[in-house]
Amino acid sequence: MADAKVIPFDDDRSRGSAQRAARRRSTPRRPGDPVAEVAALPGQQDGQQEGPQEGPQDGRQPEGPRAEEAGTGPAPESRGGGWDRRIAGGLAFLRRRLTGEYEVDDFGYDEELTDQVLMSLLRPFYEKYFRVEVKGIENIPADGGALIVANHSGTLPLDGLMMQVAVHDNHPQGRHLRLLAADLVFMLPVINELARKAGHTLACAEDAERLLERGELVGVMPEGFKGIGKPFSDRYKLQRFGRGGFVSTALRTGSPIVPCSIVGAEEIYPMIGNAKTVARVLGIPYFPITPTFPWLGPLGAVPLPTKWTIQFGEPIPTDGYPPEAAEDPMLMFNLTDQVREQIQHSLYKLLVQRRSVFF
């Protein structure tokens, strides 16, 4: 069977142009006939006289409607085709959601939902509200597993979400950050499901090792609730990094450790007090008291629009250590202290460079 000829579905002009070209080839030309010396301009309509046309004669491309007819104007996508594609993509996304034709991994991570919905919801806060500035993104590997270790602050864990957007939107490969979260996150209704969909998993060595062995970027904040729930007077003072479990995980998988320093999150909810009795009743680690919460009710839960900076430091390699190094407590202590000191030094440096909390 002969190959089929593809005919574009633009309009009738392409077929009309082909018919006119056939007529020109079949019509005899007399020597000296000016029509024989001038090619028909693209975009001529049927019935127009073929020959010299009015218009610019200096070699410039036609503009306006004539440019569009001649095929030199804006592409159809720039004249509204982009919106058509977006609407079609949105409808296809809804269809897949309704029919269940989408994929999640064994951790519950839904990459399509994260890219198209969750990131789109977080991006206005990242770009417009907190105006996050990212430094050192080149220190995150282009591929393979890596453990990103960051300071934790802000009363609510918004810093982890902003770090997730920072990696995805600024890394040349658009890599996804899989955060390790506390047990409390997966005990809360709705939050539990959203966290799983966004790629977060329980902060345990087993899950972290599985992700790193798959070549994923894994984010951890070793300060935990001690960092996020510390009083405002201790802002930007790193708390203890636990027992160095993240270092042991990195050593077992040979993954580099990338220190990360976040400035700006400490001031979104200045925590001036902690209602411990209320916290015990509710079963939460702390109940924050800020200048606006709980005095202003739900309005007091709105974070202050501080200016953020997220800096990724030089990676600390671990692939040069032998397998049994993960069981060496002195080595884990030294590496943990090295990571902590590097983050603390970067925090102080960024604070000195910062012009204002809000600008």
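The structure reproduced in this document is the subject of the present report. None of these values were measured; they are calculated from a predicted model.

How each quantity is defined
Residues numbered from 1 in each chain as written. Predicted model: local features only at pLDDT ≥ 70, side-chain atom pairs only at ≥ 80, totals over all residues. Heavy atoms only, no water. Helix = DSSP H or I, 4+ residues; strand = E, 2+ residues; numbered from the N terminus. Buried < 20%, exposed > 50% of the residue type's maximum accessible area, 1.4 Å probe, protein only. Contact = heavy atoms within 4.5 Å. Pairing = 2+ DSSP bridges. Patch = residues over 30% accessible without salt bridge, like charges linked within 9 Å, V, L, I, M, F, W, Y side chains within 5 Å. Areas by Shrake-Rupley, 256 points an atom, 1.4 Å probe, with all protein chains shown as cover. Salt bridge = Lys/Arg side-chain N within 4 Å of Asp/Glu carboxyl O. Bend = angle between axes of the 7 residues up to and from the residue. Polar contact = N/O pair within 3.5 Å; in protein donor to acceptor, adjacent residues only side chain to side chain. Axes fitted to C-alpha atoms, helices over the stretch in contact; angles between N-to-C directions. Parallel < 35°, antiparallel > 145°, perpendicular 65-115°, else oblique. Nonpolar A, V, L, I, M, F, W, Y, C, P; charged D, E, K, R; others polar.

1. Focus: the overall build of the protein chain
When its secondary structure is counted, the protein chain shows 12 helices and 9 strands. By residue count, 38% of the 359 residues in the protein chain fall in the buried class. Long-range contacts, defined here as pairs at least 24 residues apart, represent 73% of the contacts in the protein chain between residues at least 6 apart.

2. Considering the pairing of strand β6 (residues 257–263)
Among the 7 residues that make up β6, 7 are buried, leaving the element largely enclosed by the rest of the structure. In this sheet, β6 lies alongside strand β2 (residues 146–150) in parallel orientation, the contact comprising 4 bridges. When the bridges of β6 are listed, Leu147 appears paired with Ile257. Sheet analysis places β6 next to strand β9 (residues 309–312), joined by 4 bridges and oriented antiparallel.

3. Brief notes about the side chain of Ser153
Within the secondary structure, Ser153 is located in the loop between β2 and α6 (158–170). Its relative accessible area of 1% is what places Ser153 among the buried residues. When near neighbours in sequence (up to four residues on either side) are disregarded, Ser153 contacts Asp159, Gly227, Ile228, Lys230, Ala265 and Glu266.

4. A few points about a nonpolar patch on the surface
A cluster of nonpolar side chains, Trp295, Leu296, Leu299 and Val302, forms an exposed patch at the surface whose accessible area comes to about 460 Å². Take Leu299: it is sitting in the loop between β8 (288–289) and β9. Residue classification places Leu299 among the exposed residues on the basis of a relative accessible area of 59%.

5. Notes on helix α5 (residues 111–129)
Of all the bends in α5, the greatest, near 45°, is centred on Met119. Residues of α5 that are buried: Glu112, Leu113, Thr114, Leu118, Met119, Leu122, Arg123 and Tyr126. A distance of 3.4 Å separates the backbone nitrogen of Glu112 from a side-chain oxygen at the start of α5, and that oxygen is part of Asp110.

6. Here we look at the packing of helix α10 (residues 245–253) against helix α12 (residues 329–353)
Between α10 and α12, whose axes approach to 9 Å, the crossing angle comes to 110°. One way to sum up the angle between α10 and α12 is to call them roughly perpendicular. Note on element contacts: α12 touches α10 through Leu331, Met332, Leu335, Thr336 and Val339, opposite Phe246, Val247, Ser248 and Leu251. For the contact of α10 with α12, the class distribution of residues is 7 nonpolar, 2 polar and no charged.

7. Some points on the pattern of salt bridges
Here the idea is simple: oppositely charged side chains can pair when their charged atoms come close. In the structure shown here, the tally under the stated rule is 16 salt bridges. Note that Arg210 is salt-bridged to Asp106, the shortest N-O span being 2.6 Å. One end of the pair, Arg210, is in helix α8 (residues 205–213); the other, Asp106, is in the loop between α4 (81–99) and α5, with 104 residues separating them in the sequence. On the basis of relative accessibility, which here comes to 35%, the residue Arg210 falls in the partly exposed class. A salt bridge links Glu133 to Lys307, with the nearest nitrogen and oxygen atoms 3.7 Å apart. Of the two residues, Glu133 is situated in strand β1 (residues 133–135) and Lys307 in the loop between β8 and β9; the sequence distance between them amounts to 174 residues. Connected through shared salt-bridge partners, Arg96, Arg97, Asp110, Glu112 and Lys197 make up one network.

8. Considerations on α10
Looking at α10, one finds that the buried residues are Phe246, Val247, Ser248, Thr249, Ala250 and Leu251. For α10, the secondary structure elements touched by its buried residues are β2, α8, β5 (217–220), β6 and α12. Two residues or fewer past α10, Gly254 is found with a positive phi of approximately 65°.

9. A word on the sheet that holds strand β4 (residues 201–202)
Here 7 strands make up an open sheet; going across it, the order is β1-β9-β6-β2-β5-β3-β4 and the pairing mixed. Of all the strands in the sheet, just β1 and β4 have a single pairing partner and so form its edges. Pairing of strand β3 (residues 177–181) with β4, which is carried by 2 bridges, proceeds in the parallel orientation. The residue of β4 that forms the bridge with Leu180 is Thr201. In the packing of α10 onto the sheet, the strands contacted are β2, β5 and β6, and the crossing angle to β2 comes to about 165°.

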